[in-house]
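Survey of secondary and tertiary structure
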Amino acid sequence: EAGVAQSPRYKIIEKRQSVAFWCNPISGHATLYWYQQILGQGPKLLIQFQNNGVVDDSQLPKDRFSAERLKGVDSTLKIQPAKLEDSAVYLCASSLVFSGKGPNTEAFFGQGTRLTVV
Amino acid sequence: DQQVKQNSPSLSVQEGRISILNCDYTNSMFDYFLWYKKYPAEGPTFLISISSIKDKNEDGRFTVFLNKSAKHLSLHIVPSQPGDSAVYFCAASASTGNQFYFGTGTSLTVIP
């Protein structure tokens with residue numbers, strides 16, 4: 001079974017530039033998550049999709065971040081314009097279902113995209 | 001507001017001994033808990049989970065204990081192996097919610 005694919009692996013941009021990350025979840029996984037992990041911290045949820053609908057984007061800085069999930073499969077996360085504090089690893093994850101607890105709710109993560117804003 | 005806390009940023013253990021990683025949570029609505037393991041330059045991988053209806057779940061060398069009254073869970077690794085050296089995150093969710101909350105991680109080093 002192929003895992004969660006993310007690209008690019010690394011990105012360096014100047015502040016105020018824009019950047020986009022791509023994610024292909026595990027086939028058949030209805031739930032897709034984007035997390036931001038700042039150095040020394042745990043992953044923080046930015047946005048969660050169920051198929052192609054947004055379930056939770058309460059922690060997404062909507063003035064600069066946007067995300068979409070095309071046809072309920074692939075997803076892109078965009079930052080425009082980037083700030084220095086956006087430097088982090090952006091993790092995409094997917095799970096078969098989300099029911100709050102129980103089997104098949106654990107998330108499978110991609111390798112992440114390390115973003116450095118200079 | 002950090003709802004899931006891992007107060008030990010690092011832990012070193014001799015190979016063959018027990019590793020105990022701790023996690024505390026503040027939200028009494030949390031009823032499902034997971035541990036993830038993360039190697040450098042990789043995404044976290046799911047390790048083991050426990051539901052609030054249990055107080056222990058075991059999978060090979062890994063056992064998770066849940067103390068609901070203390071809002072505390074721990075991961076025991078016995079015996080520890082050098083390949084276990086990684087950062088371990090605990091995460092929690094509530095059946096009334098829709099996301100996992102992660103702790104800040106504990107870096108485990110198993111010394112050969």
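Residues numbered from 1 in each chain as written. Chains lettered and ligands numbered in written order. Predicted model: local features only at pLDDT ≥ 70, side-chain atom pairs only at ≥ 80, totals over all residues. Heavy atoms only, no water.

This part takes up the state of the cysteines. Counted under the stated rule, the structure contains 2 disulfides over all chains. Between Cys-23 of chain A and Cys-92 of chain A runs a disulfide, and the two sulfur atoms are separated by 1.9 Å. With the S-S dihedral at roughly -70 degrees, the linkage between Cys-23 of chain A and Cys-92 of chain A falls on the left-handed side. Here Cys-23 of chain A is found in strand 3 (residues 19–24), whereas its partner Cys-92 of chain A is found in strand 9 (residues 88–95), with 69 residues between them in sequence. For the pair Cys-23 of chain A and Cys-92 of chain A, a shared accessibility class is recorded, and that class is buried. There is a disulfide in this structure between Cys-23 of chain B and Cys-90 of chain B, and the S-S distance comes to 1.9 Å. On the S-S bond that ties Cys-23 of chain B to Cys-90 of chain B, the torsion sits near 65 degrees, and the link is right-handed. On the criterion of sequence distance, the pair formed by Cys-23 of chain B in strand 3 (residues 19–25) and Cys-90 of chain B in strand 9 (residues 86–93) is long-range, its members being 67 residues apart. (Disulfide = S-S within 2.5 Å. Helix = DSSP H or I, 4+ residues; strand = E, 2+ residues; numbered from the N terminus. Buried < 20%, exposed > 50% of the residue type's maximum accessible area, 1.4 Å probe, protein only.)

It is possible for side chains bearing opposite charge to pair when their charged atoms get close. All told, the structure shown has 4 salt bridges over all chains when counted by the stated rule. Note that Asp-86 of chain A and Arg-64 of chain A form a salt bridge whose closest N and O atoms lie 2.5 Å from each other. Linking Asp-86 of chain A in the loop between strand 8 (75–79) and strand 9 with Arg-64 of chain A in the loop between strand 6 (53–56) and strand 7 (65–69), this pair joins segments that are 22 residues apart in sequence. Like Asp-86 of chain A, the residue Arg-64 of chain A is buried in the burial classification. Close ionic contact of Lys-37 of chain B with Asp-84 of chain B constitutes a salt bridge, the shortest N to O distance being 4.0 Å. Pair noted here: Lys-37 of chain B is in strand 4 (residues 32–38) and Asp-84 of chain B is in the loop between strand 8 (72–77) and strand 9, with a separation of 47 residues, a long-range link. (Salt bridge = Lys/Arg side-chain N within 4 Å of Asp/Glu carboxyl O.)

Turning our eyes to something else, we now look at the sheet that holds strand 1 (residues 5–7) of chain A. Two strands in a sheet stick together by hydrogen bonds in their backbones, pointing the same way (parallel) or opposite ways (antiparallel). All names here are of chain A. With respect to topology, 4 strands assemble into an open sheet ordered 1-3-8-7, the strand pairing being antiparallel. Since the sheet does not close on itself, it has two edges, and those belong to strand 1 and strand 7, each with one partner. On average, adjacent strands in this sheet sit at an angle of 15 degrees to one another, irrespective of strand direction. Of the pairings in the sheet, the one linking strand 3 to strand 8 comprises 5 bridges and is antiparallel in character. The residue of strand 8 that forms the bridge with Val-19 is Ile-79. (Pairing = 2+ DSSP bridges. Axes fitted to C-alpha atoms, helices over the stretch in contact; angles between N-to-C directions.)

Before going further, it helps to spend a moment on the interface of chain B and chain A. Each side of the interface is counted separately: chain B has 21 residues, and chain A has 26 residues. Here chain B meets chain A over a buried area of about 1800 Å², counting both sides, of which 56% is carbon and sulfur. When the area that chain B buries against chain A is broken down by residue, the three leading residues are Asn-98, Gln-99 and Phe-100 of chain B, summing to 29%. Applying the counting rule to chain B against chain A returns 0 salt bridges. (Contact = heavy atoms within 4.5 Å. Buried area = accessible area lost by both parts, 1.4 Å probe.)

Let us now look at the side chain of Ser-94 of chain A. Residues and elements named next belong to chain A. Relative to the assigned elements, Ser-94 resides in strand 9. For Ser-94, a relative accessible area of 0% corresponds to the buried category. Here Ile-26 takes part through its backbone nitrogen, which lies 3.4 Å from a polar atom of the side chain of Ser-94. Within polar-contact distance, the side chain of Ser-94 engages the side chain of His-29 at 2.8 Å. Filtering out sequence-adjacent residues up to four positions away, Ser-94 remains in contact with Val-4, Pro-25, Ile-26, His-29, Thr-31, Leu-32, Tyr-33, Glu-106, Ala-107 and Phe-108. (Polar contact = N/O pair within 3.5 Å; in protein donor to acceptor, adjacent residues only side chain to side chain.)

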